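Understanding the architecture of this molecule
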Amino acid sequence: EGGMADTPVRAFLVAGARDAEALDAEPDVQARMWMTIGNAYSSLGEPHASDSLLTLAVERYRSAGIRNLSYADALGSLGTTWSHLGRASEATPLFVEAVAVAEADAAGAPSEALAVSTLQLARHHFVLGDAGSAEPLYRRGLAMLLANDEVSTRIRARWLGRYGQFLWSQGE
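Residues numbered from 1 in each chain as written. Predicted model: local features only at pLDDT ≥ 70, side-chain atom pairs only at ≥ 80, totals over all residues. Heavy atoms only, no water.

Below, the discussion takes up helix 4 (residues 69-84). Taking 1.5 Å per residue, 16 residues should reach 22 Å; helix 4 reaches 23 Å between its end C-alpha atoms and fits that length. Buried within helix 4 we find S70, Y71, A72, A74, L75, G76, S77, L78, G79, T81 and W82. Where helix 4 is buried, its residues contact helix 2 (27-43), helix 3 (47-64), helix 5 (88-106) and helix 6 (112-127). Its side-chain oxygen at 3.1 Å from the backbone nitrogen of S70, N68 defines the N-terminal cap of helix 4. Looking one or two residues past helix 4, G86 carries a phi angle of roughly 85°, positive in sign. (Helix = DSSP H or I, 4+ residues; strand = E, 2+ residues; numbered from the N terminus. Expected span 1.5 Å × (residues − 1). Buried < 20%, exposed > 50% of the residue type's maximum accessible area, 1.4 Å probe, protein only. Contact = heavy atoms within 4.5 Å. Polar contact = N/O pair within 3.5 Å; in protein donor to acceptor, adjacent residues only side chain to side chain.)

This part is about the confidence of the model for the chain. Chain-level pLDDT for the chain is 90 on average; 97% of the residues reach the 70-or-more range. Of all helices and strands in the chain, the one with the weakest mean pLDDT is helix 1 (residues 8-21) (76), whereas helix 7 (residues 131-147) scores best (95). (pLDDT = per-residue confidence, 0-100.)

Of note, N148 is situated in the loop between helix 7 and helix 8 (153-169). With residues up to four places along the chain from it excluded, the contact list for N148 reads S111, E112 and R156.

Our focus in this paragraph is helix 8. Think of an α-helix as 3.6 residues a turn; residues three or four steps apart then line up on the same face. Compared with an ideal rise of 1.5 Å per residue, which puts 17 residues at 24 Å, helix 8 spans 24 Å between its outermost C-alpha atoms and is within 8% of the ideal. Restricting attention to buried positions, one finds in helix 8 the residues I155, W159, Y163, F166 and L167. Seen end-on, helix 8 carries its buried residues on one side only, within an arc spanning 105°. Exposed residues lying more than 90 degrees from the buried face of helix 8 are T153, R154 and W168. Lining the buried residues of helix 8 we find helix 6 and helix 7. Just downstream of helix 8 lies G171, where phi reads positive at about 80°. (Arc of directions from axis to C-beta.)

This paragraph deals with the pattern of salt bridges. If you walk through the whole model with that rule in mind, you get six salt bridges. For the salt bridge of R139 with E135, the shortest nitrogen-to-oxygen distance reads 2.3 Å. One end of the pair is R139 and the other is E135, both in helix 7 and four residues apart, which spans about a single turn. Relative accessible area serves as the criterion here: at 17%, E135 is assigned to the buried category. The structure contains a network of salt bridges with shared partners spanning D51, R87 and E90. (Salt bridge = Lys/Arg side-chain N within 4 Å of Asp/Glu carboxyl O.)

Core analysis: the biggest nonpolar cluster contains 46 residues, and Y138, L145 and W159 have the highest contact counts within it. Elements that contribute at least two residues to this core include exactly helix 1, helix 2, helix 3, helix 4, helix 5, helix 6, helix 7 and helix 8. Tallying contributions element by element places helix 5 first for this core, with eight residues. Discounting residues that sit within four places of it in the chain, W159 has contacts with V116, L119, Q120, R123, Y138, L142 and L145. (Core = buried A, V, L, I, M, F, W, Y, C linked by side-chain atoms within 4.5 Å.)

What follows is about the packing of aromatic side chains. Each aromatic ring pair is summarised here by two numbers: the centre-to-centre distance and the angle between the ring planes. Counted according to the given criterion, the structure contains five aromatic pairs. Ring centres of F126 and F166 lie 5.3 Å apart, and the angle between their planes is 85°; this geometry places the pair in the edge-to-face category. Residue F126 is found in helix 6, and its partner F166 is found in helix 8; the two are separated by 40 residues along the sequence. Between Y138 and Y163 the ring centres are 5.4 Å apart and the planes differ by 50°, which places this aromatic pair in the tilted class. One end of the pair, Y138, is in helix 7; the other, Y163, is in helix 8, with 25 residues separating them in the sequence. The class for Y163 is buried, based on a relative accessible area of 12%. Aromatic ring contacts, followed pair by pair, group F126, Y138, Y163 and F166 into a single cluster. A cation over an aromatic ring shows up here: R87 above the ring of W82, its NZ or CZ 4.0 Å from the ring centre. For the cation-ring pair, R162 lies above W159, with the distance from its terminal atom to the ring centre recorded as 4.7 Å. (Phe/Tyr/Trp six-rings, centres within 6.5 Å; stacked < 30°, edge-to-face > 60°. Lys NZ or Arg CZ within 6 Å of the ring centre and 35° of its normal.)

Structure (structure tokens):
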């Protein structure tokens, strides 16, 4: 399972995932723990471990009927992981659902969560080679990010950079 097989970090993550199993009475907390640990595995270059935990998180949100921004985050994280694992076409519905959940939460007002979900879907279309679908999603998501003074410079810079990569790939 990669380069961190017997490290204290792996032990900590394994223990956290095991602790989350005991939280059946608190499905949102349980799913958030699995999502956080799954994202940590992803950051450490462990996509298979990430996939397992993010799948648990998404399934837990669904089985509990929870459709909040944490659920949208979990969908986006799982979609990204599946893309990294060569399952990009299977990830499309996850990104689409993440945008729908964020739109419902935003209730018509632009939000950082909606912007990021939209930009994740744009990048996904770009990765799939569908520039025609990616372009308007990039523009919509960036417009929301830039209009929101509460969005961090780091997040803005990340997505402006990715949009720049997209434009460069299109010869613009």
